[in-house]
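Analysis of the macromolecular model
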Amino acid sequence: MDAIIFRSLIASAISCFCLHCGLEADHTGETSIPEKIDFNLHVRPILSDRCFKCHGPDDRARKANFRLDEEAFAFEMLDSIAERFAIVRGRPGKSELYARITSEDPKEKMPPPESNLILTPTEILVLKRWIEQGAEWKTHWSFIKPVRTPLPGGAKDKWPRNEIDYFTLVQMRRVQLEPSVAATPEKLIRRLSFDLTGLPPSPQEVNEFKRDPSIQAYEELVDRLLASPAYGERMASDWLDLSRYAETNGYHHDFERNVWPWRDWVIQSFNDNRPYDEFVTWQLAGDLLENPSYEQLLATSFNRLHRTTQECGSIDEEFRVSYVVDRTNTFGKAFLGLTVECAQCHDHKYDPISQREYYKLFAFFNQVPERGVTKSFGNPSAPYLALPDEQVEEVRAYIDQTIEREYASGSQQDSAEAYRDVWREEMSALVAPVMIMGVLDTTRPTYVLDRGLYDAPGEEVFAGTPPAILPFGKGEPADRLGLARWLFNPDHPLTARVVVNRYWQMIFGRGLVDTPDDFGSQGALPTHLELLDWLAVDFMESGWDVKRLIKQMVLSATYRQSSVITPAKEQADPYNKWLARGVQGRLTAEMLRDQALQMSGLLVNRIGGPSVKSYHPKGLWVQVSSGGRYQRKYMQGHGEDLYRRSLYQYWKRIQPPPSMTIFDAANRNQCTVKRQSSSTPLQALVLLNDVQFMEAARFFAERSIREGGNNAKERIQWAFQWATSRLPDEAELSILLELLEEQVLEFSNYPERAEAIVDLGEGGSGQMVGTEELAAYTMVCNAVMNLSESLQKN
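Residues numbered from 1 in each chain as written. Predicted model: local features only at pLDDT ≥ 70, side-chain atom pairs only at ≥ 80, totals over all residues. Heavy atoms only, no water.

This paragraph deals with the overall build of the protein. Looking only at helices and strands, the protein features 32 helices and six strands. Here the C-alpha radius of gyration of the protein, 29 Å, is about what a compact globule of 794 residues would show, namely 28 Å. With respect to the three principal axes, the spread of C-alpha positions in the protein is 95 × 65 × 50 Å. Restricting to contacts in the protein with at least 6 residues of sequence separation, those with at least 24 account for 71%. Of the charged side chains in the protein, 89 are positive and 112 negative, and the gap between their average positions amounts to 4 Å. (Helix = DSSP H or I, 4+ residues; strand = E, 2+ residues; numbered from the N terminus. Rg over C-alpha atoms; globule rule 2.2 N^0.38 Å. Contact = heavy atoms within 4.5 Å. Lys, Arg positive; Asp, Glu negative; His and termini not counted. Charge placed at Lys NZ, Arg CZ, Asp CG, Glu CD.)

The next point concerns empty space enclosed by the protein. Taken as a whole, this structure holds nine cavities of 30 Å³ or more when the rule is applied. One number sums up the size of the largest cavity: a volume of about 160 Å³. Taken together, 17 residues make up the lining of the largest cavity; nearest its centre are Met-427, Leu-430, Ser-611, Lys-613 and Tyr-650. Sorting the residues of the lining of the largest cavity by element identifies helix H17 (389–409) and helix H18 (416–427) as the ones contributing at least two each. For the lining of the largest cavity, the class distribution of residues is seven nonpolar, four polar and six charged. By volume, the second largest cavity amounts to about 100 Å³. In terms of lining, the second largest cavity is formed by Gly-198, Glu-233, Arg-234, Ser-237, Asp-238, Thr-588, Glu-590, Met-591, Asp-594, Arg-645, Leu-647 and Arg-675. Elements with a minimum of two residues in the lining of the second largest cavity: helix H11 (229–242) and helix H24 (589–600). Considering every element that reaches the lining of the second largest cavity, the biggest residue donor is H11, with four residues. The residue inventory of the lining of the second largest cavity, partitioned by class, reads two nonpolar, three polar and seven charged. (1 Å grid on protein atoms, 1.4 Å probe; cavity = no way out; pocket = protein on both sides within 12 Å on 5 of 7 lines; lining within 4 Å. Points joined across faces, edges and corners; volume = space filled by probe spheres on them. Nonpolar A, V, L, I, M, F, W, Y, C, P; charged D, E, K, R; others polar.)

This part takes up the pattern of salt bridges. A complete count under the given rule lists 52 salt bridges for this structure. The salt bridge partner of Asp-254 is Lys-652, with a shortest N-O separation of 3.5 Å. Of this pair, Asp-254 sits in the loop between H11 and helix H12 (260–271) while Lys-652 sits in the loop between helix H25 (620–624) and helix H26 (658–661), placing them 398 residues apart in sequence. Taken as a pair, Asp-254 and Lys-652 share a single burial class, namely buried. The residue Glu-640 makes a salt bridge to Arg-606 at a minimum N-O spacing of 2.5 Å. Residue Glu-640 is found in the loop between H25 and H26, and its partner Arg-606 is found in the loop between H24 and H25; the two are separated by 34 residues along the sequence. (Salt bridge = Lys/Arg side-chain N within 4 Å of Asp/Glu carboxyl O. Buried < 20%, exposed > 50% of the residue type's maximum accessible area, 1.4 Å probe, protein only.)

What follows is about the packing of helix H9 (residues 203–211) against helix H29 (residues 712–724). Two elements in contact, H9 and H29, have axes whose closest approach is 9 Å; the angle formed by their N-to-C orientations is 80°. Classed by the angle they form, the pair H9 and H29 counts as roughly perpendicular. Only Trp-718, Gln-721 and Trp-722 of H29 make contact with H9, whose side of the interface consists of Pro-203, Val-206 and Asn-207. For the contact of H9 with H29, a count of residues per class yields four nonpolar, two polar and no charged. (Axes fitted to C-alpha atoms, helices over the stretch in contact; angles between N-to-C directions. Parallel < 35°, antiparallel > 145°, perpendicular 65-115°, else oblique.)

In this section: the side chain of Asp-351. Among the secondary structure elements, Asp-351 is positioned in the loop between helix H15 (316–336) and helix H16 (355–364). For the buried Asp-351, which has no salt bridge, the nearest side chain bearing the opposite charge is Arg-44, at an N-O separation of 8.1 Å.

A separate point is the environment of Ala-775. Position of Ala-775 among the secondary structure elements: in helix H32 (residues 771–785). When the C-alpha atoms of Ala-775 and Val-744 are compared, they prove to be 7.8 Å apart, with 31 residues separating the residues in sequence. Not counting the four nearest positions on each side in its chain, Ala-775 is found in contact with Phe-747, Ala-754, Ile-757 and Val-758.

Next up on the list: helix H30 (residues 730–749). Compared with an ideal rise of 1.5 Å per residue, which puts 20 residues at 28 Å, H30 spans 29 Å between its outermost C-alpha atoms and is within 8% of the ideal. Buried within H30 are the following residues: Leu-733, Leu-736, Leu-740, Gln-743 and Phe-747. Across the axial projection of H30, the buried residues extend over an arc of 85°, all falling on one side. For H30, the exposed residues set more than 90 degrees away from the buried face come down to Glu-730, Ile-735, Glu-741 and Leu-745. The opening residue of H30 is Asp-729, an N-cap whose side-chain oxygen sits 3.1 Å from the backbone nitrogen of Ala-731. (Expected span 1.5 Å × (residues − 1). Arc of directions from axis to C-beta. Polar contact = N/O pair within 3.5 Å; in protein donor to acceptor, adjacent residues only side chain to side chain.)

The next thing to look at is the layout of surface pockets. Gaps left between atoms show up when a probe the size of a water molecule is rolled over them. As a volume, the largest pocket reaches approximately 1,300 Å³. If you go around the largest pocket, you meet 41 residues; those closest to its centre are Gln-505, Gly-509, Arg-510, Arg-586 and Ser-677. Of all the secondary structure elements, the ones that give two or more residues to the lining of the largest pocket are H11 and helix H20 (495–508). At six residues, the largest contribution of residues to the lining of the largest pocket is made by H11. Across the lining of the largest pocket, the residue classes tally to 16 nonpolar, 12 polar and 13 charged.

Take the confidence of the model for the protein next. Overall, the prediction assigns the protein a mean pLDDT of 90, with 91% of residues at 70 or greater. In the model, residues 1–30 has pLDDT below 50 throughout and makes 77 contacts with residues more than four positions away in sequence or in other chains. The model gives residues 53–65 a pLDDT under 50, and that stretch makes 31 contacts with residues more than four places away or in other chains. (pLDDT = per-residue confidence, 0-100.)

What follows is the structure in structure tokens.
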């Protein structure tokens, strides 16, 4: 295949949507054709989802120009003698495209037979109608500035609670669906509490809301949860995934680094409701602001959270370039919702980002006075920021206390003496300076790197942004501060859409664009484009107020629907993309553990501070660590350290907490804006047997005996309500009472088993009943904690 033909075939795939084409089947299975054909929603996916190319050795010259990825090519003359055009507006019969898709000649037919792709009759009619209607061509939807459209019809409907509902209702009815009834007060408060704080409501909170589930009471509940310190922790959890937050360097020995002060700044920023534009600007360019404060400098640690190496023999420039690449790719995914990394080695095959433009973006992050390989052992790579003296003193006292406790107890497999110095060296990172951003005294030149190789520089380029998104502002400084201002330019088509979509995903389980990291032509189409744009514009006009945005979502009738699935709705919309029912989904890894600690009464509600090491399988760190003085053994915490929220767990890149990764927590090696979702036997084994969950079940049992009531029935009802936010029905209660009796008998026959269960963990026991009875209640509480309903926010 010659170069011209190859270029034509590649180009024909550009601007591809690989998901649905915006055509929806009704309940009879028939696919309806919209009266007005929209290019982005209906045509572009069809053109690019199939392989459109010309055939025949007699017309190679004109084949090179038969391209459908750009408007100029799509309407260009293909044959000056026969006066043939790819598309003739208003005249399908004169359009080569229509001739090819309806041809029966295998040499002429598009898509070609060997591609094993076909167009359905409906898709052919869509293309025909589009041409008849004038073949209006549009830029890819996400590169068009969002506009606030008037609320759609349905003003007389009583169902909508706010503007969101008018948009979702009209989409439901387009596919012949109707909203579900409202969720029960118990379900609603559980869903809301997890969404806004990551923690379950107490039975007392549930009962109070049941007594008054009015609209006013619900709004007051929303305000109270948004004002809770736990809100900032819940919001920070997602941001740590996005920012690839971890406590260690990742490469080679995976030595520790100090980053927890930045994590605490993130939590406080969410609790203070720092405007999103300011929140991001500080992280991108806080050091470039006039007379930057300690907080503004600390915020820039965001761009130093990538993996680093200390390995001798590593090529400094190779790793330094990899750090800049990481920042560039993180910027693209986190804030633009684009796969800019595809342009590192060549022009992007699907989106309008050339390799040259990639390195212009790269240039913004290429001016940091850093080394690729840190030469000094245990020291952070410059530039860095020292912690305030009072904070250092406080943390040093914590370190001394921890080390001496380990040495005195010898609890770490009789190795406390041998590892004492190593542990001190490891923990000293908690008071080390934090790596931040800075700027070189002289500009470092940036080049297009051939195939992305650090040692293959080509054309020199200067800082700039892809003009297809938005031209870089005139008069703005060509630095990270100028880049931040470009990002929050009111005309920017992506910034607000991307973050609104990400928060929608957090609240509703899936984004209005189901590919939150790809708003480009390979990504999913928005299910509710007008709603996304309305929210994006409203968010900008609100001053980028995140709490206000979240409140809008949870006050909507769309959010408050029951999640009960009827057979008809499951068949019509199995993934609930049209939002005709409430959200169903398993709790996140953090929520599962934090719920267990909250119900048991073990949870330590203290904000911030150094990361802690809770229960952990023995020996895992040794298996992945280097030997000798570089080896790290997991030094499990004690006391309150075992019961902090999961957000504060120590995150070692080469061996993250297993109880988190088993439940699909991100590995934090790169920017992640959407976690995977899996269901495996390991997850059940963790919930049923892990010491953290079993100890929580025992304390939950003690608490149910102490606070739940005077008899087994009342205690089980109390525990059941904690775990599910509702009371058990008679059948469920009967099963659990029977289980309790069986377990009492079992442990009476085997008291050593009861002792083993009661002795699990380090929390001690304040048991008010005998060991066998407490063990029996523990197993019942463990069962309740493992109900499907207990593990979901439905």
